[in-house]
Amino acid sequence: MSKQSTWNRFYKMRQEKGEKSFDWFVKYDDIKESLEQYMPNDCAVQPFQLLDIGCGTSDFSSKLFSDIKASKLLYCIDFSQNAISHLVSLNMDSTTSLDHQIQFIIADATSLPFTSSTFDLVIDKGTLDAVLRNDNGADMAVSAISEAIRVLKTNGHFLQISDEQPDTRFELLQQIAMKYNCQLSVNFKQIDTSFGMEYFIYTINKTVSS
C-alpha cells in the first residue's frame, strides 16, 4: 500500500467506473460537528491555513472548503497523480481568490513541501491507517506524523481520524510527541458514524514549550 503505482491503478479503476469521489470511511457529514471547534472565526483577518494529508478522491476537503466562510487557504495532498488530477478536474469551477483558495498537490506525507510552522490545522483521515499496514509502516508513520507537526503552527492542531483503538494509536502519538522541544498535548474523542461504525479523532495540539 506504500507504492504510488498501486494507488494510481486503484484510482484509475474507480474513475473508469464513473465514480466522482471515494471515501475509505467517515464521510464529511459524520464528523462535521466535531470539526467546528477547530474552525476559524468568520471575522478572522489572516487566512486560515489548512492541510489535508492523503486526500485521495474524497469530497471531504471540497465540502470543508465550502463550509468555512472565513478567509482560508486549503492544501490537499496525495502522492497519487491520478487522484490529484481527478480532484483538480472536479474543482475547476470552485470560486477562489487570494484569500479563498483550495489547491491540490502531488506530494508525499513523509516529506511535505511546505516550510515549518505554516498551518493552523492539519487533517489526516485514514492515511496513517493505510501507512501502518505496510511492512515498514511504523517508520513511515513516524515520519509522516513528524512532518505534520513540523508544518503546524504553534497552537495549531493536528487531527487524525482513525479506526485504530486508543490503546494502540495513543501510545504511538505520545512517543512522537516526546521527541519535540515544544510541548504537545494529545487527546482523543470517539465518534459514531451514520453507518454504525466506531471511529476516533486523535488531536495533537502544538503548544508553546513550558
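Before reading further, recall that the structure is shown in the block above.
Model, not experiment: these values are computed from the prediction. (Residues numbered from 1 in each chain as written. Predicted model: local features only at pLDDT ≥ 70, side-chain atom pairs only at ≥ 80, totals over all residues. Heavy atoms only, no water.)

## Observations regarding the overall build of the protein chain
Here is step 1: Check the secondary structure of the protein chain and you find 7 helices and 7 strands.
Here is step 2: A compact globule built from 210 residues should have a C-alpha radius of gyration of about 17 Å, and the protein chain, at 16 Å, falls within 12% of that.
Here is step 3: Seen through its principal axes, the protein chain has C-alpha atoms that stretch 50 × 45 × 35 Å.
Here is step 4: Expressed as a percentage of the 210 residues in the protein chain, the buried residues total 49%.
Here is step 5: Residue pairs in contact within the protein chain that sit at least 24 positions apart in sequence constitute 77% of those at least 6 positions apart.
Here is step 6: Total accessible area computed for the protein chain in this model is approximately 10,700 Å², and 48% of it derives from carbon and sulfur atoms.
Here is step 7: Between the centroid of the 19 positive side chains of the protein chain and the centroid of its 27 negative side chains there is a distance of 4 Å. (Helix = DSSP H or I, 4+ residues; strand = E, 2+ residues; numbered from the N terminus. Rg over C-alpha atoms; globule rule 2.2 N^0.38 Å. Buried < 20%, exposed > 50% of the residue type's maximum accessible area, 1.4 Å probe, protein only. Contact = heavy atoms within 4.5 Å. Areas by Shrake-Rupley, 256 points an atom, 1.4 Å probe, with all protein chains shown as cover. Lys, Arg positive; Asp, Glu negative; His and termini not counted. Charge placed at Lys NZ, Arg CZ, Asp CG, Glu CD.)

## With respect to the environment of glutamine 190
Here is step 1: Positionally, glutamine 190 belongs in strand E6 (residues 183-192).
Here is step 2: Separated by 25 residues in the primary sequence, glutamine 190 and glutamine 165 place their C-alpha atoms 9.6 Å from one another.
Here is step 3: Discounting residues that sit within four places of it in the chain, glutamine 190 has contacts with Glu198, Tyr199 and Phe200.
Here is step 4: Looking at glutamine 190, its side chain comes within polar contact range of the side chain of glutamate 198, at 2.8 Å. (Polar contact = N/O pair within 3.5 Å; in protein donor to acceptor, adjacent residues only side chain to side chain.)

## Considering the pattern of salt bridges
Here is step 1: As enumerated under the stated definition, the model contains 8 salt bridges in all.
Here is step 2: Among the salt bridges present, the one from aspartate 129 reaches arginine 169, with a minimum N-O distance of 2.9 Å. Of the two residues, aspartate 129 sits in helix H5 (residues 127-131) while arginine 169 sits in helix H7 (residues 166-177), which places them 40 residues apart along the sequence.
Here is step 3: Residue aspartate 129 is classed as buried on the basis of its relative accessible area of 4%. (Salt bridge = Lys/Arg side-chain N within 4 Å of Asp/Glu carboxyl O.)

## Side note on the environment of tyrosine 199
Here is step 1: Within the fold, tyrosine 199 resides in strand E7 (residues 198-207).
Here is step 2: Counting along the chain gives 108 residues from tyrosine 199 to asparagine 91, while the straight-line C-alpha distance between them is 28 Å.
Here is step 3: Each residue touching tyrosine 199, except ones within four places of it in the same chain, is listed here: Phe25, Val26, Ser162, Asp163, Lys189, Gln190, Ile191 and Thr193.

## Thoughts on the packing of helix H2 (residues 28-35) against helix H3 (residues 60-67)
Here is step 1: Relative to each other, H2 and H3 sit at 40°, their axes nearing to 11 Å. One element, H2, and the other, H3, form an angle in the oblique class. Crossing angle aside, the handedness with which H2 passes H3 is right-handed. Where H2 approaches H3, its residues Tyr28, Asp29, Ile31, Lys32 and Leu35 are matched on the opposing element by Phe60, Lys63, Leu64 and Asp67.
Here is step 2: Within the contact of H2 with H3, the residues separate by chemical class into 5 nonpolar, no polar and 4 charged. (Axes fitted to C-alpha atoms, helices over the stretch in contact; angles between N-to-C directions. Parallel < 35°, antiparallel > 145°, perpendicular 65-115°, else oblique. Left-handed = near helix turned anticlockwise from the far one by under 90°. Nonpolar A, V, L, I, M, F, W, Y, C, P; charged D, E, K, R; others polar.)

## Focus on helix H4 (residues 81-90)
Here is step 1: Looking only at H4, the buried set comprises Ala83, Ile84, His86 and Leu87. End-on view of H4: buried residues confined to an arc of 160°, all on one side of the axis. (Arc of directions from axis to C-beta.)

## What about the nonpolar core?
Here is step 1: By size, the foremost hydrophobic cluster in this structure holds 29 residues, and its most contacted members are Leu51, Phe114, Val122 and Ile145.
Here is step 2: A total of 5 residues in this core trace back to one element, the largest contributor, which is helix H6 (residues 137-150).
Here is step 3: The residues touching leucine 51, leaving out its near neighbours within four places in the chain, are Leu74, Tyr75, Ile77, Leu112, Phe114, Phe119, Leu121, Val122, Ile123 and Val151.
Here is step 4: The next biggest cluster of nonpolar side chains, apart from the first, holds 27 residues, and it includes Phe25, Tyr38, Phe60 and Ile84. (Core = buried A, V, L, I, M, F, W, Y, C linked by side-chain atoms within 4.5 Å.)

## Considerations on the pairing of E7
Successive residues of a regular strand alternate their side chains across the two faces of the sheet.
Here is step 1: Most of E7 is tucked away, with 9 of its 10 residues classed as buried.
Here is step 2: Note that strand E5 (residues 152-162) and E7 share 6 bridges and pair antiparallel. Paired with histidine 157 across the two strands is asparagine 205, which belongs to E7. (Pairing = 2+ DSSP bridges.)

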